[in-house]
Amino acid sequence: CALVAGDASVFRTLHQNTFRLTCPPVPLTEQELTTALTAAMKARDAQRVEVLRGIVSAAKNLKIEKRVPALEPAELEQVVRREIKKRDEAEAFAVQGKRDDLVAQNRAERALLEGLVPPLLVGAELEAAIRAIAAELNATTLGPIMAALRDRLAGRYDGKAASEIARRLLTPAS
């Protein structure tokens, strides 16, 4: 399956939070982001334009910082995940401040961002990946497992949860 950035109907349903990917999206590229931004501008969807401009801006800043002509899809995915975390934190502060309007806005923006990247591995999927890596490496310490996990599944898991699972797997059952 593929997500066509220029297809306004896909983004319209994504914006309404009814669109769910059933398979991993195609790796994100800078060209796709630019095309999606153009489509959002043509559709006059202010919220989508604002979110996509933020991602494009963050990607450009990372390119300047790293001094590279183009970012890898994994780096773009990390940029989007950072933006998702920002929305999570902003939502938490809005809940504390009893600002329902900001809560709704941050949830909508987060839903839009989550549609751009594959879902995080959680629970059993993450544990299976860690078990496979540990068995393959025959590792008895945390470092090699986490390094291999970072190389293979960069940006696809929560580091804290992965570390807890790896520690639990490494400690002998008492």
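Described in the following lines is the structure provided in the data block.

**Considerations on the overall build of the protein chain**
Here's step 1: Within the protein chain, the secondary structure is distributed over eight helices and zero strands.
Here's step 2: Counted from the first residue to the last, the protein chain has its helices and strands arranged as α-α-α-α-α-α-α-α.
Here's step 3: Counting all 174 residues of the protein chain, 36% fall into the buried class.
Here's step 4: Surface accessibility of the protein chain: about 10700 Å² in total, with carbon and sulfur atoms responsible for 54%.

**As for the side chain of Arg87**
Here's step 1: Mapped onto the fold, Arg87 is located in helix 4 (residues 73-96).
Here's step 2: Beyond its immediate sequence surroundings of up to four residues, Arg87 is in contact with Val51, Asn106, Glu109, Arg110 and Leu113.

**A closer look at the environment of Ala36**
Here's step 1: You can see Ala36 is positioned in helix 2 (residues 30-42).
Here's step 2: Separated by 13 residues in sequence, Ala36 and Val49 have C-alpha atoms that sit 8.7 Å apart.

**A word on unusual backbone geometry**
One can expect most non-glycine residues to show negative phi and most peptide bonds to be in trans.
Here's step 1: Positive phi, normally seen in glycine, also occurs at Arg67, with a value near 55°.
Here's step 2: Mapped onto the elements of the fold, Arg67 is located in the loop between helix 3 (46-66) and helix 4.
Here's step 3: Its identity as a non-glycine residue notwithstanding, Lys98 has a phi of 55°, on the positive side.
Here's step 4: Its location among the elements puts Lys98 in the loop between helix 4 and helix 5 (100-114).
Here's step 5: For Lys98, a relative accessible area of 71% translates into the label exposed.

**Concerning the environment of Ala111**
Here's step 1: Among the structural elements, Ala111 can be located in helix 5.
Here's step 2: Overall, Ala111 belongs to the buried group, its relative accessible area being 11%.
Here's step 3: On a C-alpha basis, the gap between Ala111 and Arg87 in space is 9.8 Å, while along the polypeptide they are 24 residues apart.

**Brief notes about the pattern of salt bridges**
Here's step 1: Enumeration according to the criterion identifies 15 salt bridges in this entry.
Here's step 2: A single network of salt bridges, built from pairs that share partners, joins Asp88, Glu91, Arg107, Arg110 and Glu114.

Calculation criteria
- Residues numbered from 1 in each chain as written.
- Predicted model: local features only at pLDDT ≥ 70, side-chain atom pairs only at ≥ 80, totals over all residues.
- Heavy atoms only, no water.
- Helix = DSSP H or I, 4+ residues; strand = E, 2+ residues; numbered from the N terminus.
- Buried < 20%, exposed > 50% of the residue type's maximum accessible area, 1.4 Å probe, protein only.
- Areas by Shrake-Rupley, 256 points an atom, 1.4 Å probe, with all protein chains shown as cover.
- Contact = heavy atoms within 4.5 Å.
- Salt bridge = Lys/Arg side-chain N within 4 Å of Asp/Glu carboxyl O.

Treat this as a map of the structure, not an account of what it does.
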